[in-house]
Amino acid sequence: MTVTDVFIHPHPRGDSTIRRMARTARECGFDTLVAIDQPPAEYNGVSILKGIIVSERTMKAVNAAVRKRGDTIVGVTAGENSFNRSVIQTPGVALLTGICSTRRNAFDHVTARFAAEKKVAVHLDIGMLITCRGHTRQKVLTRYRELLTLQRKYEFPFALGSGAYSILDQRSVREMVQLCGLFGMERDETLAALATIPDLRLESSSPRVVS
Amino acid sequence: MKPLPPTLRENRRYVLARIRPSTIVADERDWHIAISEAVSSLYGDITAAEIHAGTIRQEGAYLIIRCKRGWEDKLSTALTTVRAVHQTPVHLQAISTSGTIKALKKKIRPVITGDEVTCVINGSDHSGIYYADGNIDLIRRDMKGQEVVFLTKDDMESFHATTTKSDGI
């Protein structure tokens with residue numbers, strides 16, 4: 001089973017090179033990393049997949065990123081509800097990220113059903129639970145718990161990531177399970193979320209027939 | 001004062017945690033403050049008092065932390081949220097839990113030691129530590145302070161490391 005850490009930020013964004021992060025990932029029990037702006041490669045038995053995050057909350061930017069994607073895993077930062085629905089229905093988008101920073105109604109039951117149909121994963125940045133303190137962390141935990149409730153009902157995929165900028169931010173699979181337990185995610189659910197990426201890649205690369 | 005009889009004493013568990021990077025300089029008191037802050041921040045003061053975490057000893061790159069029996073999972077989770085000691089970034093990884101310190105000591109592995117190296121990257125001097133497994137921790141010092149860059153031996157080419165003043169790289 002593939003165990004993937006989604007969206008890490010190696011040097012020059014962070015303070016650790018991709019090779020060093022791959023070594024650490026191996027020690028932590030991961031076999032795949034989705035790294036921002038890094039070419040696909042393999043180091044120490046860890047596959048590196050290229051990922052991008054589209055932060056501009058416009059469909060123009062999303063469509064441009066999808067057209068140029070190639071083998072890249074495209075993640076889009078979540079925005080208003082209507083924007084999120086449009087993003088989910090855009091072929092080529094694999095992940096919706098940053099939902100904890102949006103309003104509560106930005107991801108509702110309708111959006112959840114769309115995400116399940118289109119096999120677009122919701123990215124949970126577990127690093128937020130480590131870096132944030134106080135009110136911000138409480139808000140993140142609340143949002144993740146709400147998303148988990150929707151996920152259990154509509155069964156859209158989750159994707160987990162440490163959001164690491166350094167090898168000191170990377171967490172092991174066991175630690176991921178413990179941290180996800182903070183908002184009620186069971187061990188099996190966490191392991192399934194860590195194995196989401198191969199399914200997403202198959203889904204986004206499948207030919208689309210236009211009649 | 002007469003000590004409590006064994007049957008009335010609190011049952012304890014001990015958690016072994018690995019410190020990364022292993023070169024960090026901090027004493028047991030510093031660790032205790034960092035862990036207490038992480039526990040009370042995550043679970044609140046009431047649960048923190050229940051957990052009753054305390055740093056027992058530091059052995060090389062490992063730390064043994066005490067807690068009340070039944071709360072070791074919560075302590076391990078809180079340990080993952082420790083980010084810094086003395087504002088220096090750090091990662092504490094819980095390795096194992098046991099009822100005795102002796103059992104945990106058996107799980108302590110020898111630390112991979114490194115040699116101090118100095119190299120020139122893009123015309124500026126960098127000092128750092130080169131480990132036997134090929135990892136390099138480079139320390140970049142400038143007016144703003146110091147910053148550590150974690151890389152491997154293979155990365156040195158892409159960093160245009162032109163000269164080395166020590167053996168190894």
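Along each chain, the written sequence defines residue order, and numbers are assigned to residues from 1. A letter from A marks each chain and a number from 1 marks each ligand, given out in the order of writing. With the structure being a predicted model, the display of local features is reserved for residues of pLDDT at least 70 and the display and counting of side-chain atom pairs for 80 or more, all residues being used for whole-chain, interface and lining totals. To obtain the side-chain values, all non-hydrogen atoms of the structure were included, while hydrogens and water were left out.

On to helix H7 (residues 173-180) of chain A. Throughout, exposure labels follow a simple rule: accessible area from a 1.4 Å probe, protein chains only, divided by the maximum for the residue type, with under 20% read as buried, over 50% as exposed, and the rest as partly exposed. Runs of H or I in DSSP of at least four residues are treated as helices and runs of E of at least two as strands, each being numbered from the N terminus. For H7(A), the buried fraction is high: seven of the eight residues fall into the buried class. Every buried residue belonging to H7(A) is among A:Val173, A:Glu175, A:Met176, A:Val177, A:Gln178, A:Leu179 and A:Cys180, and all of these are buried.

Glancing now at the domain arrangement of chain B. The start and end points of each domain follow an automatic or database-based domain assignment. Domain parsing of chain B yields domain 1 (10-105) and domain 2 (114-164). Computed from C-alpha coordinates alone, the two centres of domain 1 of chain B and domain 2 of chain B are separated by 30 Å.

So, about the interface of chain A and chain B. Contacts are assigned to residue pairs that have any heavy atoms within 4.5 Å of one another. With 26 residues of chain A at the contact, the number on the chain B side is 35 residues. Each of two parts loses accessible area, computed with a 1.4 Å probe, when they are put together; buried area is these two losses added. Area buried by chain A at its contact with chain B is led by A:Arg20, A:Arg23 and A:Leu168, which between them contribute 24% of it. The term salt bridge refers to a side-chain nitrogen of Lys or Arg lying within 4 Å of a carboxyl oxygen of Asp or Glu. Our count for the chain A to chain B interface comes out at five salt bridges. Residue B:Asp155 is joined to A:Arg19 by a salt bridge in which the shortest nitrogen-to-oxygen separation is 2.9 Å.

Take the pairing of strand E8 (residues 158-161) of chain A next. All names here are of chain A. Burial of E8 is two-sided: the residues Phe158 and Leu160 facing one way and the residues Ala159 and Gly161 facing the other way are all buried. Bridging between strand E7 (residues 121-125) and E8 involves four bridges; their strand directions are parallel. Residue pairing across strands places His123 opposite Ala159, the latter belonging to E8. Here, any two strands with at least 2 DSSP bridges between them count as paired.

Moving on: the sheet that holds strand E2 (residues 54-59) of chain B. All names here are of chain B. Pairing within the open sheet is antiparallel, and its four strands lie in the order E2-E3-E1-E6. Both outer strands of the open sheet, E2 and strand E6 (91-98), are each paired with one neighbouring strand and no more. Between one strand axis and the next, the sheet turns through 30° on average, direction left out of account. Note: strand E1 (residues 12-20) against strand E3 (residues 62-68), seven bridges, orientation antiparallel. Lines are fitted to the C-alpha atoms to define the axes, a helix being fitted only along its stretch in contact, and any angle between axes, read from their N-to-C directions, falls within 0 to 180 degrees.

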